[in-house]
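Examination of the molecular architecture
Here are the chains, one letter per residue:
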Amino acid sequence: MEDDEVGRIRKVVERRFRVYDVRWDESGVMFYITLTPPERKDFQAVQEELSRIGYIAGLRKLRGEDIIIVGTRKVQKESKPFLNVALLILTIFTTIIAGSIMWMTGYGDGNEIWDAFLPENMLMGGLTFALPLMFILGVHEMGHYLMAKRYGMNASLPYFIPAPPIPFGTFGAFISIRDPMPNRKALFDIGIAGPLAGFIAAVPVIIIGLLLSTGEVSDIEESGDMLIYNLPLLYLILIEIVPPPGTLLHPTAFAGWVGLLVTAMNLLPVGQLDGGHIARAFFKDNARYAAYVSVGILIFLGYFFTGWIFFALLILFLGVQHPPPLDDITDLDGKRKALGAVVLIILGLSFVPIPLETVYFEADDYSFKIGEFQEVGVVQAGDAWTFEIPVDNSGNKKDLFDVNITLNSTTYTGPGEWTIASDPLNFTLDEKEDRIFNLSISAPADALIWDNATFNMTFDMDDGPKRTVELMVVVGDVTIAIEDHEDVLPRIDDVYLVINFTLIDYIGPGPVLLSVNSSNSTGFLSLADSAPVDLINGSITAEPISEGDHSLLIRFDLLGSNTIGFRIDSAVSDFFMEVETTVVMKKG
């Protein structure tokens, strides 16, 4: 700045403050002043006077000294509202489509995605979802806009952000404030005006939506994975005060849910978010610590809901810290400090750690389900087979269930009686719990091979679904018969032993495994229907075989007496037999 320009500015400042040092360069001038509490209100008058002659002033504390910084004011031109209107129209369209899909799937008609464009669904989607949601977002942004205008700041009309129709159709809205914040009071007032107005607007929308929620979750026509919206604390309170007639949220109630989610996200004390404005007004430079903690919490919650990861990355990209207002010294008054507690209450009532999750729905019923399990068991007479049945209550019915298991019918024609035991037959399944239910069925001691029994059982949940399973248990066994063996095919240095055997009368859940052990430490073993396998320390184990005839070929590199042992292992039985053979052969 030129000397005469600095002199003109100094006259304005010295009319209200005692200046003891002045420093300047081409970018601006710094006045070191003596500041007492009664004089702080005079800074606003200095700001206004300098603004009229084309300058902007800020009040800072630097290394323990109070400084007024003055620079040239850059006049921002008013933008034309074309972009605002275009984005508004586009966002109205995307939210209407989002609402149409919600209306169609829960309250209207249509099964295909293109049915969302039917006039009736579009009309109801606009009235029941787009209109209340745009009302909440509009009130939120107009709160910011009107408060900024109250402080004489250059603020734009709201910019609405369109998004894909699934799930919301919008990413919210924002306004652009082209002037720096004059002081901490203005920073706080503009920051809180939006979420406070939006929260107040969302409450009646939620109540109306709850009263309109007449649909039932059990009316869903197709089973499958569906998106579930977890409810914030305010919703849970209002549901107790205004119980909805049905269990399926109305699109209007969902519009209120989105409004609360937007409010909660904006109240996080980070960067240029509304909560960032408020935190900076309260804690000044220390607000950055609240920002770091908030980003860390979002990243942690991103393990459960990936949307928070993207939001945290966006915050880091835009900037975690908030720039100071022009007057960063003047304190907030008691009224604004009290409103800070209101901000924390609104955040607690609106925030949902896991807003969305995918769960499995059963058509025309609650989503308690039974997973896949082995439905046929094989036992020996007198033994028990345990069915491991997975049960899952992680679906759309968020409740605790008492599960009662009832035996409907039994089919068995053999001797004796079958017995059933469990851990126990009746149990409690907590909300979102999945567990393995063990059901043990014992065969009679005098049952015969191939006897079998079927059991039809119902898992009955109080005021909930019924799931029926059918189980079968078969009495099986394994028989091994060594039909012949011979010590043939002698060679000069080798002896081959051929064992022919037949595996008969086997039924079971897995393969039969053959184990062979020899006192001889070298050689190889081969089944006729498998590749040769080297003997290691005289043994080979876990070779799968099937029912029928087999030929076992064993080669010995050393002469002498060798003991060969066979073991047949399965899930239901085992058999062991030894074959002793002595092979004597002379060279030459």
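Quick look at the structure, then.

What counts, and where the lines are drawn
Residues numbered from 1 in each chain as written. Predicted model: local features only at pLDDT ≥ 70, side-chain atom pairs only at ≥ 80, totals over all residues. Heavy atoms only, no water. Helix = DSSP H or I, 4+ residues; strand = E, 2+ residues; numbered from the N terminus. Buried < 20%, exposed > 50% of the residue type's maximum accessible area, 1.4 Å probe, protein only. Contact = heavy atoms within 4.5 Å. Areas by Shrake-Rupley, 256 points an atom, 1.4 Å probe, with all protein chains shown as cover. Expected span 1.5 Å × (residues − 1). Bend = angle between axes of the 7 residues up to and from the residue. Polar contact = N/O pair within 3.5 Å; in protein donor to acceptor, adjacent residues only side chain to side chain. Axes fitted to C-alpha atoms, helices over the stretch in contact; angles between N-to-C directions. Parallel < 35°, antiparallel > 145°, perpendicular 65-115°, else oblique. Left-handed = near helix turned anticlockwise from the far one by under 90°. Nonpolar A, V, L, I, M, F, W, Y, C, P; charged D, E, K, R; others polar. Salt bridge = Lys/Arg side-chain N within 4 Å of Asp/Glu carboxyl O.

1. A word on the overall build of the protein chain
Looking only at helices and strands, the protein chain features eleven helices and 26 strands. Burial statistics for the protein chain: of 588 residues in total, 46% are counted as buried. Of all intrachain contacts in the protein chain linking residues separated by at least 6 positions in sequence, the fraction that spans at least 24 positions is 70%. For the protein chain, the exposed area adds up to about 29500 Å²; of that, 58% sits on carbon and sulfur atoms.

2. Here's the deal with helix H5 (residues 184–212)
When the terminal C-alpha atoms of H5 are compared, their 43 Å separation across 29 residues agrees well with the 42 Å that a helix rising 1.5 Å per residue should span. Ala193 marks the point of greatest bend in H5, at about 30 degrees, and the proline Pro195 comes within the next four residues. One side-chain oxygen at the N-terminal end of H5 lies 3.1 Å from the backbone nitrogen of Lys185; it belongs to Asn183.

3. What to know about the packing of H5 against helix H8 (residues 274–283)
Where H5 contacts H8, the axes come no closer than 8 Å and their chain directions differ by 150 degrees. Classed by the angle they form, the pair H5 and H8 counts as roughly antiparallel. As H5 runs across H8, the sense of the crossing is left-handed. Between H5, through Arg184, Leu187, Phe188, Gly191, Ile192 and Pro195, and H8, the contact on the second element is made entirely by Asp274, His277, Ile278, Arg280, Ala281 and Phe282. When the residues that make up the contact of H5 with H8 are grouped by side-chain class, the tally is seven nonpolar, two polar and three charged.

4. Looking at the pattern of salt bridges
Within this structure, the stated rule accounts for eight salt bridges. Among the ionic pairs, Arg16 bridges to Glu49, the shortest N-O distance being 3.3 Å. Taken together, the residues span a long stretch of sequence, with Arg16 in the loop between helix H1 (3–14) and strand E1 (18–24) and Glu49 in helix H2 (residues 42–52) at a distance of 33 residues. Its relative accessible area of 29% is what places Arg16 among the partly exposed residues. Residue Lys61 is joined to Asp66 by a salt bridge in which the shortest nitrogen-to-oxygen separation is 2.7 Å. Accessibility expressed as a relative area gives 11% for Asp66, which makes it buried.

5. So, the side chain of Arg336
Following the sequence through the fold, Arg336 ends up in helix H11 (residues 334–350). The class of Arg336 is buried, set by a relative accessible area of 10%. Dropping the residues within four chain positions of it, Arg336 is found in contact with Tyr151, Lys185, Phe188, Asp189 and Phe282.

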